[in-house]
Amino acid sequence: MNDTNAQPASSAIALEQEALTVRNEMAAVKIDSQETYDLAVAKLGEGNAFLKRAAEFFDGPINDAHQLHKRLLKQKKDVCGPVEDTQNRIKAALLAWNREQERIRRQEQHRLEEEAR
């Protein structure tokens, strides 16, 4: 993750506190007149401004984390993929060997049954 986009914990706490304040102020508005209607519109604007600030705060680190996640998944695939491919080839070979042994067993059983008649 790019440390230039790392956000201090104190900023996150301040943002959480601001979110509570903005939400509580918006929730407290009861529209029953033109004045409270206008207040509600203003509070919506404040909510939108808060959401924009919150997005600016979180989006950089979220993107960095996402990019890191994708790089790590690719590295894991690059490292583990060849081993998994080889395991799958061995499993297929084991299955083929078991099937051949079963075919041989059935063939021998059939031969012995024919002999017994």
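Counting restarts for each chain, with residues numbered from 1 along the sequence as it is written. Local features in a predicted model are, by the rule used here, given only for residues with pLDDT of at least 70; side-chain atom pairs are given and counted only at 80 or more, and totals for whole chains, interfaces and linings are based on all residues. Computation of side-chain values: all heavy atoms of the structure, hydrogens and water removed.

**Student:** How would you explain the overall build of the chain if you had to name every residue and give the values?
**Tutor:** Looking only at helices and strands, one finds 2 helices and 0 strands in the chain. Against the globule reference of 13 Å for 117 residues, the chain gives a C-alpha radius of gyration of 33 Å, more extended than a compact globule. Reported as C-alpha extents along the three principal axes, the dimensions of the chain are approximately 105 × 40 × 20 Å. Pairs of residues are marked as contacts when any of their non-hydrogen atoms sit within 4.5 Å. Considering only contacts within the chain whose residues lie at least 6 apart along the sequence, 66% involve residues at least 24 apart. Note that accessible areas follow from Shrake-Rupley with a 1.4 Å probe, and for residues the cover is restricted to the protein chains shown. Of the accessible surface of the chain, which amounts to about 9700 Å², a share of 59% is contributed by carbon and sulfur atoms. In this charge count, Lys and Arg are treated as positive and Asp and Glu as negative; neither His nor the chain ends contribute. Where a charge lies is defined by one atom per residue type: Lys uses NZ, Arg uses CZ, Asp uses CG and Glu uses CD. Side chains of the chain carry 18 positive and 20 negative charges; the gap between the two charge centres is 9 Å. Strands here are runs of E lasting at least two residues and helices are runs of H or I lasting at least four, both read from the DSSP assignment and numbered beginning at the N terminus. Two things to know: the radius of gyration comes from C-alpha atoms, and the globule rule equals 2.2 Å times the number of residues to the power 0.38.

**Student:** Please give an account of a nonpolar patch on the surface that cites residues and values.
**Tutor:** For patch detection, residues must exceed 30% relative accessible area and be free of salt bridges, and they are connected within 9 Å for like charges or within 5 Å for nonpolar side chains (Val, Leu, Ile, Met, Phe, Trp, Tyr). We define a salt bridge as a side-chain nitrogen of Lys or Arg found within 4 Å of a carboxyl oxygen belonging to Asp or Glu. Taken together, I31, Y37 and V41 make up a surface patch of nonpolar side chains, about 310 Å² in accessible area. In this fold, I31 is placed in the loop between α1 (9-27) and α2 (34-116). Burial classes follow relative accessibility: with a 1.4 Å probe on protein chains only, a residue under 20% of its type's maximum area counts as buried, one over 50% as exposed, and anything between as partly exposed. Classification of I31 by relative accessible area gives exposed; the value is 56%.

**Student:** So what's going on with the nonpolar core? Which residues, and what values?
**Tutor:** Within this scheme, the nonpolar core is defined by two criteria: the residues are buried Ala, Val, Leu, Ile, Met, Phe, Trp, Tyr or Cys, and they are joined through side-chain atoms within 4.5 Å. Counting 6 residues, the largest nonpolar core is built from A12, L15, V22, F50, A54 and F57. Contributions of two or more residues to this core are made by α1 and α2.

**Student:** Lay out the packing of aromatic side chains in plain terms, naming residues and giving numbers.
**Tutor:** Note on aromatic pairs: the rings of Phe, Tyr and Trp (six-membered ring only in Trp) are paired at centre separations within 6.5 Å, and the planes decide the class, stacked below 30 degrees, edge-to-face beyond 60, tilted for the rest. The tally for this structure, following the rule as stated, stands at 1 aromatic pair. Summarising the aromatic geometry, the rings of F57 and F58 are spaced 4.8 Å apart at their centres and angled 85° between planes, so their arrangement reads as edge-to-face. For F58, a relative accessible area of 37% corresponds to the partly exposed category.

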